[in-house]
Amino acid sequence: MTPSTTRRTVLLATGATGAAALVAACGGGGDDNGSAPTATPTDQGATGTETGAAGGKELASTDEIPVGGGKIFKDDEVVVTQPERGQFKAFSAICTHQRCTVGSVSDGTINCPCHGSRFHIADGSVANGPATRPLPAERITVEGNSVRLA
């Protein structure tokens, strides 16, 4: 007597084959541990700026970033602030609550229009929820009057 093929047997065999193919595709050579690469923002120091070789894409001139305020660069998903004269900071422009793009910078906060979250311009920390996590810092360089992505 030959065993009959059931729907369950076909589904289990198909699933096992698919899982094996997926594991093989995710594996690879090298020293990668299989996790996604992460970027760690660096502390910009007391001035919020780095100097050295020219950075990446120019975002703005320093006079375009108001003291006590900031400017949002939606295409680059970054907001640059100037909490005090000559001190420039950069943060992700994506709200940590539900990933809306922040909409304005005023009264010392970066403001999300979706649910009212606000973040301090000096360090990206939450000033008003519902967000519970700060905006991640982004790396910038400031040379002369040029603000660039690092």
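This one's a predicted model, so the numbers in the text were calculated from it and none came from an experiment.

**Notes on the state of the cysteines**
Under the criterion given, the structure shown has 1 disulfide. The disulfide bridge from cysteine 100 ends at cysteine 114, spanning 2.1 Å between sulfur atoms. In this structure the cystine formed by cysteine 100 and cysteine 114 twists about its S-S bond by roughly -110°; its chirality is therefore left-handed. With cysteine 100 in the loop between β4 (87-92) and β5 (104-106) and cysteine 114 in the loop between β6 (109-111) and β7 (118-120), this pair connects stretches of sequence that are 14 residues apart. Of all cysteine sulfurs, the one in cysteine 112 lies closest to cysteine 95, which takes part in no disulfide; the gap is 3.9 Å. Judged by relative accessible area, which is 3%, cysteine 95 ranks as buried.

**Thoughts on the pairing of β4**
Counting buried positions along β4 gives 6 out of 6 residues, so the element sits mostly inside the fold. Between strand β3 (residues 78-84) and the antiparallel strand that follows it, β4, lie 2 residues; glycine 86 among them carries a positive phi value of about 85°.

**Topic: the nonpolar core**
In terms of nonpolar packing, the biggest core is built from 14 residues, with Ile72, Val79, Val102, Val105, Ile110 and Phe119 touching the most fellow members. Setting aside its immediate chain neighbours within four residues, valine 105 contacts Gly69, Gly70, Lys71, Ile72, Val79, Ile110, Asn111 and Ile121. Counting residues in hydrophobic clusters, the runner-up holds 12 residues, among them Ala60, Ile65, Val80 and Val147.

**Some words on the pattern of salt bridges**
One pass over the full model with this rule turns up 2 salt bridges. In this structure, the salt-bridge partner of aspartate 76 is lysine 57, at a minimum N-O distance of 3.0 Å. Of this pair, aspartate 76 sits in the loop between β2 (69-73) and β3 while lysine 57 sits in the loop between α1 (7-26) and β1 (58-61); the two residues are 19 residues apart in sequence, bridging distant segments of the chain. For glutamate 64, the salt bridge is made with lysine 71, and the minimal N-O distance between the two is 3.0 Å. With relative accessibility at 29%, the residue lysine 71 sits in the partly exposed group.

**Examining the side chain of threonine 62**
With respect to the helices and strands, the residue threonine 62 is situated in the loop between β1 and β2. The class of threonine 62 is buried, set by a relative accessible area of 16%. Those residues within four positions of threonine 62 in sequence are excluded, and the remaining contacts are Gln82, Phe88, Val142, Gly144, Asn145, Ser146 and Val147.

**Concerning unusual backbone geometry**
Even without a glycine there, the phi angle at glutamate 77 is positive, about 55°. Inspection of the secondary structure assignment puts glutamate 77 in the loop between β2 and β3. One non-glycine residue with positive phi stands out, namely aspartate 107, at about 50°. Of note, aspartate 107 is situated in the loop between β5 and β6. By relative accessible area, aspartate 107 is classed as exposed at 79%.

**Quick word on the sheet that holds β1**
The strand order across the open sheet formed by 3 strands is β1-β10-β9, and the pairing between neighbours is antiparallel. Looking at which strands have only one partner, the edges of the open sheet turn out to be β1 and β9 (140-143). The average undirected angle you get between the axes of adjacent strands in this sheet is 20°. When β1 meets strand β10 (residues 146-149), the two strands line up antiparallel, connected through 3 bridges. Bridging from a neighbouring strand, serine 61 pairs with serine 146 of β10.

Cut-offs used in this document
Residues numbered from 1 in each chain as written. Predicted model: local features only at pLDDT ≥ 70, side-chain atom pairs only at ≥ 80, totals over all residues. Heavy atoms only, no water. Disulfide = S-S within 2.5 Å. Helix = DSSP H or I, 4+ residues; strand = E, 2+ residues; numbered from the N terminus. Buried < 20%, exposed > 50% of the residue type's maximum accessible area, 1.4 Å probe, protein only. Pairing = 2+ DSSP bridges. Core = buried A, V, L, I, M, F, W, Y, C linked by side-chain atoms within 4.5 Å. Contact = heavy atoms within 4.5 Å. Salt bridge = Lys/Arg side-chain N within 4 Å of Asp/Glu carboxyl O. Axes fitted to C-alpha atoms, helices over the stretch in contact; angles between N-to-C directions.

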